[in-house]
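# Structural characterization, general
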Amino acid sequence: MTDSVTIKKPFDSHVHFRQGAMLRAVTPLTAAKFSRAVVMPNTDPPIETVDQAAEYKKEILGAMPQGSHCEPLMTVYLTKNLTAVEIEKGAKSNVCKIYGVKSYPYGATTNSQWGYRSILEAKEVLKKMEEVGMPLLLHGEVHMNESGGEVDPYEGERLFIEDILPRLLDSYPKLKISLEHLSTAVAADFIEKHGAEGRLVATITPHHLLYAREEAESRPLLRCKPLIKSKAEREKVRLLVKKGLPFVFAGTDSAPHPESKKFSATPAFGVFSAPVAIELYTQIFDELGVLNLLENFLSINGPNFYGLPPSEETITLVKKDWQVTEPVVTDEGEKVWPIGHKEHGLGNETLRWRVR
Ligand code: DOR
Ligand code: ZN
């Protein structure tokens, strides 16, 4: 039995740091365990220019503890204000290089009100991204049908994969695309068939690997977009991970919201996983019998896609039961509950691996 694993320090290809007190509370948790993190731009107001990204980067670096070696990789939001000129500037910037453009379907999730109704309209920006090699990071869900009605949110990812993604791939043959937080069987099949290093990759969260719709529907801490799917769908996502493909890797989508927004009649979408994400991925890989694939998934494939070397530092995980008993508390006194918490998770949840 393996009870200790040492891997290069992980790369988080998808994290939300927010702003202000929330940012100050959560950023150190990612900085403690990850070498680099791709930072989502869905703040309010959104990050739509290189200058805004540079300011935001400063705020993030200011929240990292002295001596931490976690590099934030900045992105911009695909809003109607984002121009091809800004893409060119972001690709070249020495002050704040832009590592990707994030697309949210209008209305689908937290602060998605600035997203396009159809990403296919963003032609000039997408062309420029293709030209300069800047990745498109997709929230790959169809949220609305042509008459503006909401589609079944359990069907949104499938519709995106069947209808929108093939058109993007055809129209922009050199565009680098990352399908973020893959959660369905259809997406897993598509990526297995069409995924390719440097061209089409997918990221997977710990919560879409660990939980299932049956338990998620009644638990605000597991409410997120894409919604957590059925056990059968989760099985297909796990099978994809077990293949150890170089174009599939970790993106936690750690998305903190204050207690007041999570434990409400309409809980905000987002799973806060930064304090437990690496531990949960390790637990899942152990259960799947593929701990040998963990390092590629957590620490190698992500940097490869972004044209960066893997970390030279390492972390060690040991097999040891523990429980999360406290929420994170911001300096303004707001509680932020991570998944896996023993009261608000799935019961007395026990995590099986711990970072030493
Ligand atoms: O669950 C989610 N939370 N999905 C997203 O796409 C956004 C995120 C957030 O920012 O809270
Ligand atoms: Zn996200």
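Quantities reported herein were computed from a predicted structural model and do not represent experimental measurements.

## Section: the overall build of the protein
The helix and strand inventory of the protein stands at 12 helices and 13 strands. The C-alpha atoms of the protein give 19 Å as radius of gyration, which agrees with the globular expectation for 356 residues (21 Å, within 12%). A principal-axis box enclosing the C-alpha atoms of the protein has dimensions of 50 × 45 × 40 Å. Buried positions account for 59% of the 356 residues belonging to the protein. Contacts spanning at least 24 positions in sequence make up 75% of the contacts within the protein whose residues lie at least 6 apart. Considering the protein, the positive charge centre built from 43 side chains and the negative charge centre built from 47 side chains are found 2 Å apart.

## Let's talk about the nonpolar core
Counting residues in each nonpolar core, the largest one holds 112 residues, and the members touching the most others are Leu168 and Leu182. No other element matches helix 5 (residues 156-171), which puts 6 residues into this core.

## Remarks on the sheet that holds strand 1 (residues 4-8)
Reading across the sheet, the 3 strands line up as 1-10-13 and stay open at both edges, with antiparallel pairing between neighbours. Two strands lie at the open edges of the sheet, namely strand 1 and strand 13 (351-355), each paired on one side alone. In this sheet, neighbouring strand axes are inclined to one another by 35 degrees on average, regardless of whether the strands run parallel or antiparallel. Summarising the sheet, strand 1 and strand 10 (residues 314-322) pair through 5 bridges and their orientation is antiparallel. Residue pairing for strand 10: Ile7 is matched across the bridge by Ile315.

## Points about the UniProt feature "active site" (unreviewed entry) in the protein
Here the UniProt feature "active site" (unreviewed entry) sits at Asp253. Positionally, Asp253 belongs in the loop between strand 9 (248-250) and helix 10 (259-262). You can call Asp253 buried: its relative accessible area is 7%. Those residues in contact with Asp253, other than ones at most four positions away along the chain, are His14, His16, His181, Thr205, His207, Lys225 and Val271. A polar atom in the side chain of Asp253 sits 2.9 Å from the side chain of His16.

## Observations regarding the side chain of His181
Within the secondary structure, His181 is located in the loop between strand 7 (177-179) and helix 6 (185-194). The buried category is assigned to His181, whose relative accessible area is 2%. Polar contacts involving the side chain of His181 include one to the side chain of His139, which spans 3.4 Å. Each residue touching His181, except ones within four places of it in the same chain, is listed here: His14, Leu138, His139, Glu157, Thr203, Thr205, His208, Lys225, Pro226 and Asp253.

Criteria and cut-off values
Sequence order as written defines the numbering, with residues in each chain counted from 1. Labels follow written order: the first chain is A, the first ligand is 1, and so on. Local features in this predicted model are restricted to residues whose pLDDT is 70 or higher, and side-chain atom pairs enter the listing and the counts only when it is 80 or higher, whereas totals over whole chains, interfaces and linings include all residues. Hydrogen atoms and water are omitted, and side-chain values are computed over all heavy atoms in the structure. Helix and strand assignments come from DSSP, with helices taken as H or I runs of at least 4 residues and strands as E runs of at least 2, each series counted from the N terminus. Every radius of gyration here is taken over C-alpha atoms, with the globule rule written as 2.2 Å times N^0.38, N being the number of residues. Exposure categories follow from relative accessible area, calculated using a 1.4 Å probe and restricted to protein chains: below 20% of the type maximum is buried, above 50% is exposed, and the middle band is partly exposed. Contacts are residue-level and defined by heavy atoms, with any inter-residue pair within 4.5 Å sufficient. Under this rule, positive means Lys or Arg and negative means Asp or Glu; His and the chain ends count for nothing. By convention, the charge on Lys lies at NZ, on Arg at CZ, on Asp at CG and on Glu at CD. We define a nonpolar core as any set of buried Ala, Val, Leu, Ile, Met, Phe, Trp, Tyr and Cys residues linked to one another through side-chain atoms lying within 4.5 Å. A pair of strands is labelled paired if DSSP reports no fewer than 2 bridges between them. In this description, a line fitted to the C-alpha atoms serves as the axis of each element, helices being fitted only across the stretch in contact, and the angle between N-to-C directions of two axes falls anywhere from 0 to 180 degrees. UniProt positions are given in the numbering used here, feature names are shortened, and annotations may be inferred rather than shown by experiment. N or O atoms within 3.5 Å of each other form a polar contact, as long as, within protein, one can give a hydrogen and the other can take it, and as long as residues adjacent in sequence are counted only when both atoms are side-chain atoms.

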